[in-house]
Amino acid sequence: MLMPEPDRAVIARRREIAAALQAIVPGEGVITGEDELKAYECDGLMAYRQVPMIVVLPETTRQVAEVLRYCQREGIKVVPRGAGTGLSGGALPLADGVLLGLAKFNRILDIDFDNRCVVAQPGVTNLGISNAVAHAGFYYAPDPSSQIACTIGGNVAENSGGVHCLKYGLTANNVLGAELVLMNGEIVRLGGKHLDAEVYDLLGVVTGSEGLLGVITEVTVRILKKPETARALLIGFPSNQSAGDCVAAIIGAGIIPGGMEMMDRPAIHAAEDFVHAGYPLDVEALLIVELDGPEAEVDLLIERVQAIANDKGAVSCRISNSEAERLSFWAGRKAAFPAVGRISPDYICMDGTIPRRQLPMVLSRTAELSKKHGLRVANVFHAGDGNLHPLILFDANKPEELAAAEAFGADILRLCVEVGGVLTGEHGVGVEKRDLMPAMFNEDDLKQQQRLKCAFDPEALLNPGKVFPVLHRCAELGRMHIKSGQVPFPDLPRF
């Protein structure tokens with residue numbers, strides 16, 4: 001049977017694109033096989049899947065530049081991808097787009113202890129940076145739960161945090177520089193080993209931009225000296241209210257822990273069954289509070305935190321007396337996501353941020369929403385900075401449960417905004433929260449954000465369909481269209 005003319009044209013065009021990319025990235029750098037492409041059909045948000053048209057795996061910055069230049073010239077959409085551990089669909093492929101994988105950018109290029117920084121390619125894992133400098137007593141502070149697998153390039157794209165971001169900041173507070181390839185193939189360098197940028201703070205713009213502005217091919221990060229002492233308290237409470245009150249009281253007392261995490265009863269039981277960390281099973285909420293610094297200071301702060309916890313109704317408290325015990329406290333929290341995967345066929349990990357004082361009320365409202373939607377929820381979150389990660393449990397084999405889980409998650413995020421918070425803390429907007437953006441921004445806000453995208457990517461070819469619920473053409477936004485080959489910021493260093 002003859003193939004319909006449109007299908008034949010599409011296949012011919014796909015072969016033409018593959019051949020052009022093969023000329024740029026020879027060898028095994030271009031993937032077109034149906035089975036092989038399925039490995040890239042989603043990121044960590046597995047509820048949404050789409051097989052890409054083609055995958056290209058460059059090995060050098062020049063190859064990235066040539067791929068982007070070709071795609072802009074031909075009007076081809078491009079989706080950048082790191083390790084695919086993102087949880088908002090930010091790396092979800094397009095059926096008519098090229099997926100640009102950066103897994104081969106996996107080398108640490110420079111370790112500079114004098115300036116306390118590391119220069120790494122974007123495919124280096126988060127934990128890989130700390131491992132590379134551990135012998136000299138240094139580490140990289142941001143530590144998302146997926147740090148064993150997630151890459152530093154993806155961390156920059158999503159502005160990732162982690163359990164120690166309360167004291168040491170998010171990725172944005174620990175990145176000093178980046179090499180970026182624009183959609184027109186221009187290679188620019190933002191920042192460097194120095195502390196402050198000499199021109200526009202474009203590094204701040206790029207961090208958390210979710211692959212909409214350019215492709216990161218090199219990152220310079222700040223490394224820190226390991227603290228002299230680090231000890232943790234494992235504190236159990238009879239209610240979420242009392243645990244939330246304790247969080248507020250600790251911060252209100254002027255104490256800034258290295259990390260402060262909270263888990264509710266379902267999350268506690270799931271983590272303990274999985275890791276056997278010694279968590280108490282007769283409490284409704286659990287706080288892990290880590291204090292670090294000089295030994296005398298840590299000892300004093302432990303006493304103060306313990307007194308605050310007792311005043312707020314704590315029913316149990318363990319204090320780590322060895323490094324192994326401290327790590328065991330964190331083991332359950334770090335494994336909370338896979339642990340929950342053992343008690344439910346599927347789950348969606350949400351990500352919203354609220355003012356700390358609203359923790360008890362939001363947890364109470366979340367429990368009400370759980371009953372409303374008929375789905376269980378386990379709560380784990382960065383209590384110190386109010387970054388919530390409710391895990392909504394459902395069965396994807398039941399279509400009505402997936403729809404209910406999405407509606408439940410949307411209600412949680414609307415609640416976050418309602419109480420003065422924001423839609424995301426570290427996972428990004430991607431496709432998951434895209435249609436909720438109007439809950440936080442009005443039309444003028446969204447158009448202004450898109451004008452910035454137009455300055456970097458005038459044809460909107462980089463990661464289209466993410467973040468913005470409606471994508472306007474640059475002309476509609478009242479901005480001059482940048483001609484091909486012209487760059488938006490002519491005073492930036494280029495290579």
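Reading guide: rules and limits
Residues numbered from 1 in each chain as written. Predicted model: local features only at pLDDT ≥ 70, side-chain atom pairs only at ≥ 80, totals over all residues. Heavy atoms only, no water. Helix = DSSP H or I, 4+ residues; strand = E, 2+ residues; numbered from the N terminus. Rg over C-alpha atoms; globule rule 2.2 N^0.38 Å. Buried < 20%, exposed > 50% of the residue type's maximum accessible area, 1.4 Å probe, protein only. Contact = heavy atoms within 4.5 Å. Areas by Shrake-Rupley, 256 points an atom, 1.4 Å probe, with all protein chains shown as cover. Lys, Arg positive; Asp, Glu negative; His and termini not counted. Charge placed at Lys NZ, Arg CZ, Asp CG, Glu CD. Core = buried A, V, L, I, M, F, W, Y, C linked by side-chain atoms within 4.5 Å. Salt bridge = Lys/Arg side-chain N within 4 Å of Asp/Glu carboxyl O. 1 Å grid on protein atoms, 1.4 Å probe; cavity = no way out; pocket = protein on both sides within 12 Å on 5 of 7 lines; lining within 4 Å. Points joined across faces, edges and corners; volume = space filled by probe spheres on them. Disulfide = S-S within 2.5 Å. Pairing = 2+ DSSP bridges. Axes fitted to C-alpha atoms, helices over the stretch in contact; angles between N-to-C directions. Parallel < 35°, antiparallel > 145°, perpendicular 65-115°, else oblique. Left-handed = near helix turned anticlockwise from the far one by under 90°. Nonpolar A, V, L, I, M, F, W, Y, C, P; charged D, E, K, R; others polar.

**With respect to the overall build of the protein**
When helices and strands are counted, the protein shows 15 helices and 19 strands. On C-alpha atoms alone, the protein measures out to a radius of gyration of 23 Å, which is about the 23 Å that the 2.2 N^0.38 rule sets for 495 residues. Projected onto its principal axes, the C-alpha coordinates of the protein cover approximately 70 × 55 × 45 Å. Buried positions account for 54% of the 495 residues belonging to the protein. Pairs at least 24 apart in sequence give 72% of the contacts found in the protein among residues at least 6 apart. Accessible surface, the protein: about 20700 Å² in total, of which carbon and sulfur atoms supply 52%. Between the centroid of the 47 positive side chains of the protein and the centroid of its 62 negative side chains there is a distance of 3 Å.

**A closer look at the nonpolar core**
Grouped together as the largest cluster of nonpolar side chains are 83 residues, with contacts concentrated most on Ile-235, Phe-237 and Leu-287. It is helix H14 (residues 399–418) that contributes the most residues to this core, nine residues altogether. Not counting chain neighbours up to four residues away, the residues in contact with Ile-235 comprise Ala-285, Leu-286, Leu-287, Val-289, Val-305, Ala-309, Ala-314, Ser-316 and Cys-317. Membership of the second largest hydrophobic core comes to 27 residues, among which are Ile-24, Val-25, Val-30 and Leu-100.

**What about the pattern of salt bridges?**
When their charged atoms lie close together, side chains carrying opposite charge are able to pair. Applying the stated criterion across every chain yields a total of 25 salt bridges. Between Glu-323 and Arg-326 there is a salt bridge whose closest N-O contact spans 2.5 Å. Residue Glu-323 and its partner Arg-326 are both found in helix H11 (residues 323–334); the two are separated by three residues, about one turn of the helix. Note on Arg-326: relative accessible area 10%, which makes it buried. Here the residues in one salt-bridge network are Arg-13, Glu-16 and Glu-74, joined through shared partners.

**A word on unusual backbone geometry**
A positive phi is found at Asn-159, a non-glycine position, where the angle reads about 55°. Among the structural elements, Asn-159 can be located in the loop between helix H5 (152–158) and helix H6 (165–168). Looking at Asn-159, the relative accessible area reads 16%, which means it is buried. Although it is not a glycine, His-276 adopts a positive phi angle of roughly 60°. The residue His-276 is located in the loop between helix H9 (265–275) and strand E14 (285–293) in this model.

**Things to note about the layout of surface pockets**
For the second largest pocket, the calculated volume is near 700 Å³. Together, 28 residues line the second largest pocket, and Tyr-139, Asp-143, His-164, Arg-326 and Leu-327 are the ones closest to its centre.

**Topic: the state of the cysteines**
Following the criterion strictly, the structure yields one disulfide and no others. Covalently, Cys-454 is tied to Cys-474 through a disulfide, its sulfur atoms 2.2 Å apart. Between Cys-454 and Cys-474 the disulfide shows an S-S torsion of about -105°. By sign, it is left-handed. Here Cys-454, found in helix H15 (residues 443–456), pairs with Cys-474, found in the segment after H15; they are 20 residues apart in sequence, far enough to count as distant. Since its relative accessible area comes to 5%, Cys-454 is described here as buried. Taking relative accessible area as the criterion, Cys-474 reaches 6% and is therefore assigned buried. With no disulfide of its own, Cys-42 lies 15 Å from the sulfur of Cys-349, the closest cysteine sulfur. For Cys-42, a relative accessible area of 11% corresponds to the buried category. With no disulfide of its own, Cys-317 has Cys-246 as its nearest cysteine by sulfur position, at a separation of 9.2 Å.

**Looking at the sheet that holds strand E6 (residues 117–120)**
Reading across from one edge, E5-E6-E10-E8-E9 is the order of the five strands in this open sheet, with antiparallel pairing throughout. With one partner strand each, in any of the chains shown, strand E5 (108–112) and strand E9 (187–191) form the two edges of the open sheet. Strand-to-strand twist of the sheet, defined as the mean angle between neighbouring strand axes without regard to direction, takes the value 10°. Judged from the five bridges that link them, strand E8 (residues 175–181) and E9 form a sheet pairing that is antiparallel. Directly across from Gly-177, in E9, lies its bridge partner Gly-191. Along the sheet face, helix H3 (residues 61–74) touches E8, E9 and strand E10 (215–222) and points at about 50° away from the line of E8.

**Section: the sheet that holds strand E3 (residues 77–81)**
The four strands are arranged E1-E2-E4-E3 in an open sheet whose pairing can be described as mixed. Across the chains shown, the open sheet's two edge strands, defined by having one partner strand only, are strand E1 (30–31) and E3. Relative to strand E4 (residues 97–101), strand E2 (residues 54–56) runs parallel, the two sharing three bridges. Pairing of Ile-54 across the sheet is with Val-98, part of E4. Helix-sheet contacts for H3 involve E2, E3 and E4, and the interaxial angle to E4 is about 170°.

**Some remarks on the side chain of Ser-320**
Here Ser-320 lies in the loop between strand E15 (316–319) and H11. Discounting chain neighbours no more than four positions away, the residues touching Ser-320 are Arg-231, Ala-232, Glu-325, Arg-326 and Phe-329.

**Looking at the packing of helix H8 (residues 240–252) against helix H10 (residues 295–311)**
Between H8 and H10, the shortest axis-to-axis distance is 9 Å and the interhelical angle comes to 140°. By the angle between their axes, H8 is oblique relative to H10. Handedness of the crossing formed by H8 with H10: right-handed. Of H10, the residues touching H8 (which contributes Cys-246, Ala-249 and Ile-250) are Val-305, Ile-308 and Ala-309. Partitioned by chemical class, the residues of the contact of H8 with H10 number six nonpolar, no polar and no charged.

All quantities given are derived from atomic positions and should not be read as evidence of function.
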